[in-house]
Amino acid sequence: MQEITATELKERLDRGDDIQIIDVREPHEYEYARIPNSIHIPLGQILNRMSEIDPARETVIHCHAGGRSANAIQALTRAGFQGQLSNLRGGITAWSNDVDPSVPKY
């Protein structure tokens, strides 16, 4: 499974790379802490809402620490999703630790 670090993602976003970020955490987690411009699709809805993910754009999927996002990538791949998917290593926690300390940890 392809992975990207929080620092690499931030650098690529700052460069203007066209990356969509999908957050597969639960609604209360998303409300508490999020990466700007991310799209919220909870893991339990990922296959039913797969059409909301543009396969022509590079996609980074994240959760709290990386487990649920890995499950989402596996499910999407099994369902035939054709786009490029990367897992954010360490999830929102890594984003808070390495990129934006104003994002609350939980």
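Higher on the page you've got the structure.
How each quantity is defined
- Residues numbered from 1 in each chain as written.
- Predicted model: local features only at pLDDT ≥ 70, side-chain atom pairs only at ≥ 80, totals over all residues.
- Heavy atoms only, no water.
- Axes fitted to C-alpha atoms, helices over the stretch in contact; angles between N-to-C directions.
- Helix = DSSP H or I, 4+ residues; strand = E, 2+ residues; numbered from the N terminus.
- Parallel < 35°, antiparallel > 145°, perpendicular 65-115°, else oblique.
- Contact = heavy atoms within 4.5 Å.
- Nonpolar A, V, L, I, M, F, W, Y, C, P; charged D, E, K, R; others polar.
- Buried < 20%, exposed > 50% of the residue type's maximum accessible area, 1.4 Å probe, protein only.
- Polar contact = N/O pair within 3.5 Å; in protein donor to acceptor, adjacent residues only side chain to side chain.
- Core = buried A, V, L, I, M, F, W, Y, C linked by side-chain atoms within 4.5 Å.
- Pairing = 2+ DSSP bridges.

Caption draft 1: Fine view of the packing of helix α1 (residues 6-15) against helix α4 (residues 91-98). At their nearest, the axes of α1 and α4 sit 9 Å apart, and the two run at 70° to each other. As judged from the angle between their axes, α1 and α4 are roughly perpendicular. Of α4, the residues touching α1 (which contributes A6, T7, L9, K10 and L13) are A94, W95 and D98. Here the residues of the contact of α1 with α4 sort into five nonpolar, one polar and two charged.

Caption draft 2: Local environment of the side chain of S86. Summarising the element assignment, S86 is placed in strand β5 (residues 85-88). You can call S86 buried: its relative accessible area is 1%. In terms of polar contacts, S86 uses its side chain to reach the side chain of Q2, at 3.4 Å.

Caption draft 3: Focus on the nonpolar core. Of all hydrophobic cores here, the largest spans 13 residues; its most connected members are L9, I35, V60, L88 and W95. For this core, the secondary structure elements donating two or more residues are α1, β2 (19-23) and α4. Among the elements that take part in this core, α4 stands out by supplying three residues, more than any other. Those residues in contact with I35, other than ones at most four positions away along the chain, are I21, H62, L88, I92 and W95. I61, C63, I73 and L76 belong to the second largest nonpolar core, which has 12 residues in total.

Caption draft 4: Quick peek at the pairing of β5. Of the two faces of β5, both are covered, the one formed by L85 and N87 as well as the one formed by S86 and L88. Across two bridges, strand β1 (residues 3-4) lies against β5 in parallel orientation. Bridge pairing links I4 to L88 in β5. As paired strands, strand β4 (residues 58-62) and β5 are joined by three bridges and run parallel to one another. Opposite T59, over in β5, you have L85 as the bridge partner.

Caption draft 5: Region of the structure containing the sheet that holds β4. Strand order in the open sheet made by the five strands is β1-β5-β4-β2-β3, with parallel pairing throughout. Each of the sheet's edge strands pairs with one partner strand only, and the pair in question is β1 and β3 (39-40). Against the sheet, helix α3 (residues 67-78) contacts β4 and β5, and its axis sits at roughly 170° relative to β5.

Caption draft 6: How the structure looks around the environment of M1. In this fold, M1 is placed in the segment before β1. Distance in space between the C-alpha atoms of M1 and D54 is 19 Å, their sequence separation being 53 residues. Once residues within four sequence positions are removed from consideration, M1 is found in contact with A70, I73, Q74 and N87.

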